[in-house]
Amino acid sequence: MSRHLFGGSPADYAAERVGSQLLLRPGAVGTVWDAAVDGTQLTDLTDLTGGPITEVTADTDAAVAFYGPDSVTSLYIDFEYGRRYIMTATDLGTVLNDFVAQGGLPDGFATLDGSGHLPEAQTDPAWFTPYAPKTSTAIETRGLYVRPGWGSFWRTARDAASTGGKASIAVVGGSSLVGFYASNLVTKNWPALLGASLQTTYGDGGSGYLSSLFSANGIAGQDPAAITAWTTAGNLVAQSGTWTTGGYQAGPGWGYVYASTNGAYLTFTIRGTTASIYTLGADGSRPTWTYSIDGGSETTVTDSATTGLAVLKRTITGLSAGSHTVRVKHTGSAGQYLSVLGVAGENTGGVVLNNFGRKSGTADIYTQALRTGWNGGPSYPADLVIYTVSPEDVLNGTSADTWASTVRRHLANIRDGGSTQGTNDIVIVLPHIGTADVGYLYQDYVDRAHSLAQAFEAALVNLWALGRNSWNYWNGLGYWGNPASPGTGGTDAAHLSDAGHTYVAGVLNTLLQS
């Protein structure tokens, strides 16, 4: 910094207006200010020899010349003749010339070349350091697109799970999640295989959510051979009495079943030290019901939803580690409906995967008022949500724009529903469409899925691309399902065999353990 010269020009004299004349005032004393009115007085001044002064005194000719404070180039002077006068530093021309002469020189300013560009020799790499691309694990390769910001929430929870913390995953989508056509509907679907692998590495968080429709009601209408195979394989929810599939779009997962007869019951097999039972209540019109653990005594529950239909949760804690049977039984009056959504088993630490897949599920089902918050949203949140595109949307001829708008609403609820603040990660999975895309719409779904991945900083796994967009390729690998013999390779249009489910689980496992 340096002081600038003020005054010393033919215009810089102390003068007083008397009538119509300006009279010079030799020896007049003036004060210096930073504003025309009010402001702050400037007293850090020097005379022409560098001696400090706090006021300015005109010489014997009334001329005024002095140096101002460091770096000040304009100021106001007041000789108490009724007003202040602005003064501009008289050495600015010299300063400007010196500055211009430094163009292109070391320690000077950069100049443009003849083409209007900044020559590389006049740049400093340090200028660009704050804006350099950050190191990331972003990947874009066949079938895989991972946004640079993806995974921070999931990896933090996942790693904490291995030391006693908890990490949760919610999987939503259509029939492939449910297990069609795996040999075991509950344990051989790809979400179950993925969860088991993650639990081996990071700890067992429990069996997770099991829908009541993993039962005779859920598999009804399939090929008789598939029903026989799945029933024989076990792990289905056992039913006693008459149960019917419900029609309300509510709660987590596949759906619910209901009974209106006293004594009807469902038996779930779960794993964990805590069991949570999900039912529907409605204005106190539901029956009393009981639950029992491992054949023990029954505990009576009275549902009490006070305003319309509601999803209710009953949690039982203090169970021993390992597997348990949970029996839910209608004990009310005939004609009252006990509606059971499912039962979840969890441990206090480890990874838990909740499979909210639904047979023939479509995107709009998950955005219903009593459903959206329970499938990865604020009512049943997760550190990671795997959103799987449902082939049923494509088969139904739903336009890609309509589908994307619906999915966006669901993902927005996952990120911003209730009081959530976006502290989770999302993976969007595009299944291999096989020969199910009879209307040739799927390429548009792929495009919209990429847009959603960008908008939500989500990872995208495109199994159609990984499968070379070829049904024949996966057929040669034995990945397509066989409804006549679940688990074995067949020729289904889009559903998977055991080998197909294992492959999908492996692809996602690699991403989630990276």
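In what follows, the structure referred to is the one given above.
Residues numbered from 1 in each chain as written. Predicted model: local features only at pLDDT ≥ 70, side-chain atom pairs only at ≥ 80, totals over all residues. Heavy atoms only, no water.

Chemist: Please clarify how the overall build of the protein should be interpreted in this entry.
Modeler: The number of helices and strands found in the protein is 12 helices and 29 strands. The C-alpha radius of gyration of the protein comes to 38 Å, more than 25% above the 24 Å expected for a compact globule of 514 residues. In terms of its C-alpha atoms, the protein occupies a principal-axis envelope of roughly 120 × 55 × 45 Å. Contacts in the protein between residues far apart in sequence, at least 24 positions, make up 73% of those at least 6 positions apart. Positive and negative side-chain charges of the protein, numbering 26 and 40 respectively, have mean locations separated by a distance of 16 Å. (Helix = DSSP H or I, 4+ residues; strand = E, 2+ residues; numbered from the N terminus. Rg over C-alpha atoms; globule rule 2.2 N^0.38 Å. Contact = heavy atoms within 4.5 Å. Lys, Arg positive; Asp, Glu negative; His and termini not counted. Charge placed at Lys NZ, Arg CZ, Asp CG, Glu CD.)

Chemist: Just to check I follow, could you spell out helix 12 (residues 498-512) for this structure?
Modeler: Residues lying three or four places apart along an α-helix face the same way, a consequence of the helix completing one turn every 3.6 residues. Taking 1.5 Å per residue as the helical rise, helix 12 with its 15 residues ought to reach 21 Å, and the 21 Å between its terminal C-alpha atoms agrees with that figure. If you check which residues of helix 12 are buried, you get G500, H501, V504, A505, V507, L508, N509, L511 and L512. (Expected span 1.5 Å × (residues − 1). Buried < 20%, exposed > 50% of the residue type's maximum accessible area, 1.4 Å probe, protein only.)

Chemist: Where do I start with the layout of surface pockets in this structure?
Modeler: If a probe as big as a water molecule is rolled over the atoms, it shows which places are left empty. In this structure, the largest pocket spans a volume of roughly 550 Å³. Lining of the largest pocket is provided by 23 residues; of these, V186, T187, A192, S207 and R271 occupy positions nearest its centre. Counting only elements with at least two residues in the lining of the largest pocket, the list comes to helix 4 (190-202), strand 15 (208-211), strand 19 (265-271) and strand 26 (350-355). Broken down by element, the residue count for the lining of the largest pocket peaks at seven residues, all from helix 4. Classifying every residue of the lining of the largest pocket gives 10 nonpolar, 12 polar and one charged. (1 Å grid on protein atoms, 1.4 Å probe; cavity = no way out; pocket = protein on both sides within 12 Å on 5 of 7 lines; lining within 4 Å. Points joined across faces, edges and corners; volume = space filled by probe spheres on them. Nonpolar A, V, L, I, M, F, W, Y, C, P; charged D, E, K, R; others polar.)

Chemist: Got a minute to help me understand the packing of helix 8 (residues 400-416) against helix 9 (residues 442-455) in this structure?
Modeler: The N-to-C vectors of helix 8 and helix 9 enclose an angle of 30°; their axes lie 9 Å apart at closest approach. Between helix 8 and helix 9, the angle falls in the class roughly parallel. Viewed along their axes, helix 8 and helix 9 form a crossing whose handedness is right-handed. Only D444, Y445, R448, A449 and L452 of helix 9 make contact with helix 8, whose side of the interface consists of A400, D401, W403, A404, V407 and R408. Across the contact of helix 8 with helix 9, the residue classes tally to seven nonpolar, no polar and four charged. (Axes fitted to C-alpha atoms, helices over the stretch in contact; angles between N-to-C directions. Parallel < 35°, antiparallel > 145°, perpendicular 65-115°, else oblique. Left-handed = near helix turned anticlockwise from the far one by under 90°.)

Chemist: So what exactly am I meant to see when it comes to the nonpolar core here?
Modeler: Across soluble globular proteins, nonpolar side chains have a tendency to be buried as a group. Formed by 43 residues in total, the largest nonpolar core has its most connected members in Y278, W403, L411, I428 and Y442. For this core, the secondary structure elements donating two or more residues are strand 14 (166-172), strand 20 (274-282), strand 25 (338-346), strand 27 (384-388), helix 8, strand 28 (425-430) and helix 9. Setting aside anything within four residues of it in sequence, one finds I428 in contact with Y387, L411, A449, L452, A453, A458, A459, L460 and V461. By size, the runner-up hydrophobic cluster in this structure holds 34 residues, among which are V186, L266, I270 and I293. (Core = buried A, V, L, I, M, F, W, Y, C linked by side-chain atoms within 4.5 Å.)

Chemist: Which parts of the structure should I look at to understand the environment of R468?
Modeler: With respect to the helices and strands, R468 occurs in the loop between helix 10 (463-466) and helix 11 (471-477). Along the chain, R468 and H432 lie 36 residues apart, while their C-alpha atoms are 9.2 Å from each other. Apart from the residues lying within four places of it in its own chain, the contact partners of R468 are R142 and Y473.

Chemist: It is not clear to me how the packing of helix 4 against helix 12 should be interpreted in this structure. Could you clarify?
Modeler: Packed helices, taken two at a time, are described by the angle their axes make and the gap between the axes. In the contact formed by helix 4 and helix 12, the axes pass within 8 Å of each other and the chain directions differ by 40°. Put simply, helix 4 runs oblique to helix 12. Along this stretch, helix 4 crosses helix 12, giving a crossing that reads as right-handed. For the pair helix 4 and helix 12, the contacting residues are W190, L193, L194, S197 and L198 in the first and H501, T502, V504, A505, L508, N509 and L512 in the second. Residues of the contact of helix 4 with helix 12, tallied by class, amount to eight nonpolar, four polar and no charged.

Everything listed is a geometric property; what it means functionally is a separate question.
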